[in-house]
Amino acid sequence: MTQSALVFLLAAATLSGSELGGLIDPQMPGLVATYQKLHQHPELSYEEERTSALLAAELRKAGFDVTEHVGRYPDGKPAFGVVALLVNGPGPVLLVRTDMDALPVEEQTGLPYASLAPGKMHACGHDIHMTVMLGMARTLVQLKNRWRGTLMLIGQPAEERIAGARAMLADGLYTRFPKPDFAVALHDDPDTEAGKAGVTPGPVLASSTSVDVTIRGVGGHGAHPDATKDPIVAAAQYILAIQTIVSRQNSPLDPAVVTVGSIHGGSKHNIIPDEVHLQLSIRAYSEEVREKILAALSRTASGIALAAGIPEDRAPIVKVSDTEFTPATYNDPELARRLKGVFAATIGAQNVLDLRPEMASEDFGRFGLDGRQIPTLMFRLGATPAEKLAESRRTGTPVPSLHSSRFAPLPEPTIRTGILCMTAAVLDLLK
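Keep in mind that this is a model prediction, so the values were computed, not measured. Numbers given to residues run from 1 along each chain, matching the order in which its sequence is written. With the structure being a predicted model, the display of local features is reserved for residues of pLDDT at least 70 and the display and counting of side-chain atom pairs for 80 or more, all residues being used for whole-chain, interface and lining totals. To get the side-chain values, all heavy atoms of the structure are used, and hydrogens and water are removed first.

S.K.: Hey, could you run me through helix α4 (residues 49–62) in this one?
M.R.: For an α-helix, 3.6 residues make a turn, and residues three or four places apart therefore share a direction. For α4, built from 14 residues, the straight-helix expectation of 20 Å at 1.5 Å per residue is met to within 8% by its first-to-last C-alpha distance of 20 Å. Looking at the buried side of α4, the elements it contacts are α3 (28–40), β1 (65–72), β2 (78–88), β3 (93–99), α5 (126–142) and β4 (149–156). Helix and strand definitions here come from DSSP, where helices need a minimum of 4 consecutive H or I residues and strands a minimum of 2 consecutive E residues; each element is numbered from the N-terminal end. Positive backbone phi, approximately 115 degrees, marks G63, located one or two places after α4. An expected span of 1.5 Å times one less than the residue number is assigned to each helix. Here, residues are in contact when the closest pair of their heavy atoms is within 4.5 Å.

Written out as structure tokens, the structure reads:
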């Protein structure tokens, strides 16, 4: 085959954005209704029974071979993971993931389709992600003559607890089902205009590690502090001291975050307690930086206890969580370059942005396995009306962020753009 003939065939296999839109637009009323239904009935991490059943039923209806209840947590409890396969001849295996869980947030958007579950809300847009997957799946079934290979759709539970990806992998995801050649996901972005998408090569989201610290002392009467070893004072010194880990013990070229999310100690005004409990969150892009921070947390706790004269048998306890940890999410640079070009050809180069990495965390990166064995990419999907972003820039008031009780993505352009981009990505990777 000549080069010109090959170019012709590849061009013939590529659909324009308007052609894809012609297949997507008739689906939009039903997809928006599905999105609103998902939004009204959020389920928290580990509880995604109804949500996973809806996703599985719709993918099965579209023609996929669906397996439910994939995943097992460290305590042995089964997970609500969904795996849907569509084998369309020989070729690569492509994993596309959506998350399913909601957050313990009381919704305050005032939307007519606001959450009906008290204290629960899809405040991170996972309902958008699932709806995009359904639209993409239905569109790709119509385009089976345009691609070859295996499409593997993942409905992942417990993303907000950074536990679902690990649970599915622990349940033999890549032995029970095909091991993918690529893995792709998206995440909605309130700081980007609806109708646009963003790509970040390399590190895109930080690792996250939960750490529990117990500062112990010797309690007693508030009137006799000299007869005690006050853990509240030691905890206060510890909180201030660890703020210098990032600023003075870590290279400014290696981003990192140390956050104290909670502190609990004491029971009454005039009682010095025996101990104080702190909950910390550590974020970094590299494992080397993460390990350096964890070592500094332990070293600082020991030093403050020693300076305060706290007995050795009451030394601080620093416990790094085995379960609330996820590595950094890394976008394979070559895959990012390739799909950025695909998105530009599909929705227009002016609508594809170069976005900076963030210190938020995700567990999607686990699907790439240790050592980045599988190239992965997570792109961001604009979710906010242009006029709201313009008003935000004018006033300096931020738009409602992810995890906000007022987060309300613009459904139709956001979902449509997500389906366009993800469908085009699949068509290119399974070309």
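S.K.: So what exactly am I meant to see when it comes to the pairing of strand β12 (residues 275–284) here?
M.R.: It is a general feature of regular strands that their side chains alternate between the two faces of the sheet. Pairing of strand β8 (residues 207–216) with β12, which is carried by ten bridges, proceeds in the antiparallel orientation. Bridge pairing links S208 to R283 in β12. Pairing between strand β10 (residues 256–265) and β12: nine bridges, direction antiparallel. Paired with T259 across the strands is S281, a residue of β12. One bridge is not enough; two strands pair if DSSP finds at least two bridges between them.

S.K.: Help me understand the packing of aromatic side chains, please; the structure alone is not making it clear to me.
M.R.: What describes a pair of aromatic rings is the distance from one ring centre to the other and the angle between the planes of the rings. Pairing of aromatic side chains here covers Phe, Tyr and the six-membered ring of Trp, requires ring centres within 6.5 Å, and sorts the geometry by plane angle: under 30 degrees stacked, over 60 edge-to-face, intermediate tilted. As enumerated under the stated definition, the model contains four aromatic pairs in all. When the centroid spacing of 4.8 Å and the interplanar angle of 85 degrees are considered together, the rings of Y46 and Y73 count as edge-to-face. Note that Y46 is positioned in the loop between α3 and α4 and Y73 in the loop between β1 and β2, a separation of 27 residues in sequence. Exposure classes here rest on a 1.4 Å probe applied to the protein chains alone. A residue is buried below 20% of its type maximum, exposed above 50%, and partly exposed in between. Since its relative accessible area comes to 25%, Y46 is described here as partly exposed. According to the relative accessible area criterion, Y73 is buried, its value standing at 6%. With a centroid separation of 4.6 Å and an interplanar angle of 55 degrees, the aromatic rings of F343 and F379 are classed as tilted. You can see F343 sitting in helix α10 (residues 333–347) and its partner F379 sitting in strand β16 (residues 376–384), a full 36 residues away along the chain. Like F343, the residue F379 is buried in the burial classification.

S.K.: Would you mind going over the side chain of H129 with me for this structure?
M.R.: Tracing the chain through its elements places H129 in helix α5. Here H129 falls in the buried class, since its relative accessible area comes to 3%. Among the polar contacts listed, one links the side chain of H129 to the side chain of D188, at a separation of 3.1 Å. When residues no more than four places from it in sequence are discounted, the contact partners of H129 are T98, D99, C124, L186, H187 and D188. Definition of a polar contact: a pair of N or O atoms within 3.5 Å, with one able to donate and the other able to accept a hydrogen when the atoms are protein atoms, and with sequence-neighbouring residues admitted only if both atoms are side-chain atoms.

S.K.: Got a minute to help me understand the sheet that holds β8 in this structure?
M.R.: As a general point, the strands of a sheet are linked pairwise by backbone hydrogen bonds and lie either parallel or antiparallel. Strands sit in the order β10-β12-β8-β13 across an open sheet of four strands; the sheet is antiparallel. Lying at the two open borders of the sheet, with one neighbouring strand each, are β10 and β13 (317–326). Direction aside, the axes of adjacent strands within the sheet are offset by 20 degrees on average. Bridge count between β8 and β13: six bridges; the pairing is antiparallel. By the bridge assignment for β13, S208 is matched with T326. Under this scheme, a helix contributes an axis fitted over its contacting stretch, all axes are lines through C-alpha atoms, and angles between N-to-C directions fall in the 0 to 180 degree range. Here helix α8 (residues 231–248) sits on the sheet in contact with β8, β10 and β12, set at roughly 170 degrees to β10.

S.K.: I keep staring at the pattern of salt bridges and nothing clicks. Help me out?
M.R.: Where charged atoms from two side chains of opposite charge come close, those side chains can pair. A pairing counts as a salt bridge when a side-chain nitrogen of Lys or Arg comes within 4 Å of a carboxyl oxygen of Asp or Glu. Considering all chains together, one arrives at 18 salt bridges under this definition. Salt-bridge contacts for K120 lead to E47; the nearest nitrogen and oxygen are separated by 3.5 Å. Highlighted residues: K120 in the loop between β3 and α5 and E47 in the loop between α3 and α4, separated in sequence by 73 residues. The exposure class assigned to E47 is partly exposed, which follows from its relative accessible area of 39%. Ionic pairing is found between R337 and E334, a salt bridge with its closest N-O pair at 2.5 Å. Of this pair, R337 and E334 both sit in helix α10, separated by three residues, roughly a single helical turn. Three or more residues are tied together by salt bridges with common partners; here these are R97, D99, E362 and D363.

S.K.: Sorry, what's going on with the nonpolar core here?
M.R.: Nonpolar side chains tend toward joint burial in soluble globular proteins. L59, F64, L151, L153 and F379 are the most contacted members of the largest nonpolar core, which has 60 residues in total. At ten residues, helix α12 (residues 411–429) tops the list of elements feeding residues into this core. With residues near it in sequence (within four places) discarded, F379 still touches V184, A185, L186, H187, A197, G198, V199, F343, C421 and M422. In this structure, V211, I245, V276 and A305 belong to the second largest nonpolar core, which totals 24 residues. We call a set of buried residues a nonpolar core when its members are Ala, Val, Leu, Ile, Met, Phe, Trp, Tyr or Cys and they connect through side-chain atoms within 4.5 Å of each other.

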